[in-house]
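Reading the structure
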Amino acid sequence: MKLCVALDLPSKAENIALIQKLKSEDVWLKVGLRSFIRDGEALLHEIKAINPNFKLFLDLKIHDIPNTMADAAESMVSLGVDMFNVHASSGVKAMRMVMERVNALPNPPIVLAVTALTSFDNASFEAIYHLPIAQKAVDFAKDAYESGLHGVVCSVYESLAIKAQTATSFLTLTPGIRPFGESSNDQERVADLEMAKAQQSDFIVVGRPIYHSADPLGIVKKIIENI
Ligand SMILES: O=c1ccn([C@@H]2O[C@H](COP(=O)(O)O)[C@@H](O)[C@H]2O)c(=O)[nH]1
């Protein structure tokens, strides 16, 4: 299991200060909407300049018509990221086109599909998708698997069922992790490290419990010791 640290801080300087603290750690760094819209490609280069061994996950969750998604995917590959994601609800045709284009390029990154955001509880998810999370997340994961993606974003609670219905090697990346029982904030389907291990999560994403801590490096070291 790998730790992926969410860089969601209010300024580039604060993200960079956090990265500097973590520069000797074996972690993935997740650049999401806030930071990428504000700081763009330059942030990715600055991260690699701090430590070229950091792996980068560009978390933009793209969702559009197939050709637009495939164009965007090519652009993300050209940024040199190690992983990016799309929404599974964009459909099989779009996901297949993304993978055809990505696989034609040198050094294709890991591509994941978002199933059910971890901020949904069952009632709010069903109001949109008309099916329980447990069922629809697996359906989305099967679509992503058949489209040639490498894995999915889901909560810890869907991880084992998704692997059982696809393949054990099909990756699950699980946000909503509260390593030692911290506040759930706006997340609904949260889990601690023991649960993430039991459910065979391949990547855990942790943001606020790290960057709101008085000792981010200490928390990261403690997480790594426990996974
Ligand atoms: O279903 C999802 C997909 C992505 N995220 C992202 O992960 C982090 C979680 O941050 P915390 O502060 O640990 O809650 C954040 O960047 C989200 O955009 C997610 O939470 N759930």
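Residues numbered from 1 in each chain as written. Predicted model: local features only at pLDDT ≥ 70, side-chain atom pairs only at ≥ 80, totals over all residues. Heavy atoms only, no water.

Under an unreviewed UniProt entry, the name given to the chain is Orotidine 5'-phosphate decarboxylase, and the organism recorded is Sulfurospirillum halorespirans DSM 13726. Under the UniProt heading Pathway (unreviewed entry), the entry covering the chain gives this text: "Pyrimidine metabolism; UMP biosynthesis via de novo pathway; UMP from orotate: step 2/2." Word for word, the UniProt comment on the chain under Sequence similarities (unreviewed entry) is "Belongs to the OMP decarboxylase family." (UniProt positions renumbered as here; feature names shortened; annotations may be inferred.)

With that out of the way, let us pick up the environment of leucine 160. Note that leucine 160 resides in helix 7 (residues 156-165). The class of leucine 160 is partly exposed, set by a relative accessible area of 33%. Remark: the alpha-carbon pair of leucine 160 and tryptophan 28, spanning 132 residues in sequence, is separated by 22 Å. Setting aside its immediate chain neighbours within four residues, leucine 160 contacts Ala198, Gln199 and Gln200. (Helix = DSSP H or I, 4+ residues; strand = E, 2+ residues; numbered from the N terminus. Buried < 20%, exposed > 50% of the residue type's maximum accessible area, 1.4 Å probe, protein only. Contact = heavy atoms within 4.5 Å.)

Under the definition given, this model contains 13 salt bridges. Among the salt bridges present, the one from arginine 38 reaches aspartate 39, with a minimum N-O distance of 2.9 Å. Here arginine 38 falls in the partly exposed class, since its relative accessible area comes to 32%. Here arginine 189 ties to glutamate 158 by a salt bridge, and the two come within 2.9 Å at their closest N and O atoms. Taken together, the residues span a long stretch of sequence, with arginine 189 in the loop between strand 7 (171-174) and helix 8 (193-198) and glutamate 158 in helix 7 at a distance of 31 residues. (Salt bridge = Lys/Arg side-chain N within 4 Å of Asp/Glu carboxyl O.)

We now examine unusual backbone geometry. Its identity is not glycine, yet asparagine 107 carries a phi of approximately 50°, on the positive side. Positive phi is not limited to glycine here, since glutamine 200 has a value of about 60°. Along the chain, the position of glutamine 200 falls in the loop between helix 8 and strand 8 (203-206).

At a minimum axis separation of 8 Å, helix 3 (residues 66-78) and helix 4 (residues 92-103) run at an interaxial angle of 35°. Both helix 3 and helix 4 take part in a crossing whose hand is right-handed. Here Pro66, Asn67, Met69, Ala70, Asp71, Ala73, Glu74 and Val77 of helix 3 lie close against helix 4, whose contacting residues are Lys93, Ala94, Met97, Val98, Arg101 and Val102. Considering only residue class, the contact of helix 3 with helix 4 consists of nine nonpolar, one polar and four charged. (Axes fitted to C-alpha atoms, helices over the stretch in contact; angles between N-to-C directions. Left-handed = near helix turned anticlockwise from the far one by under 90°. Nonpolar A, V, L, I, M, F, W, Y, C, P; charged D, E, K, R; others polar.)

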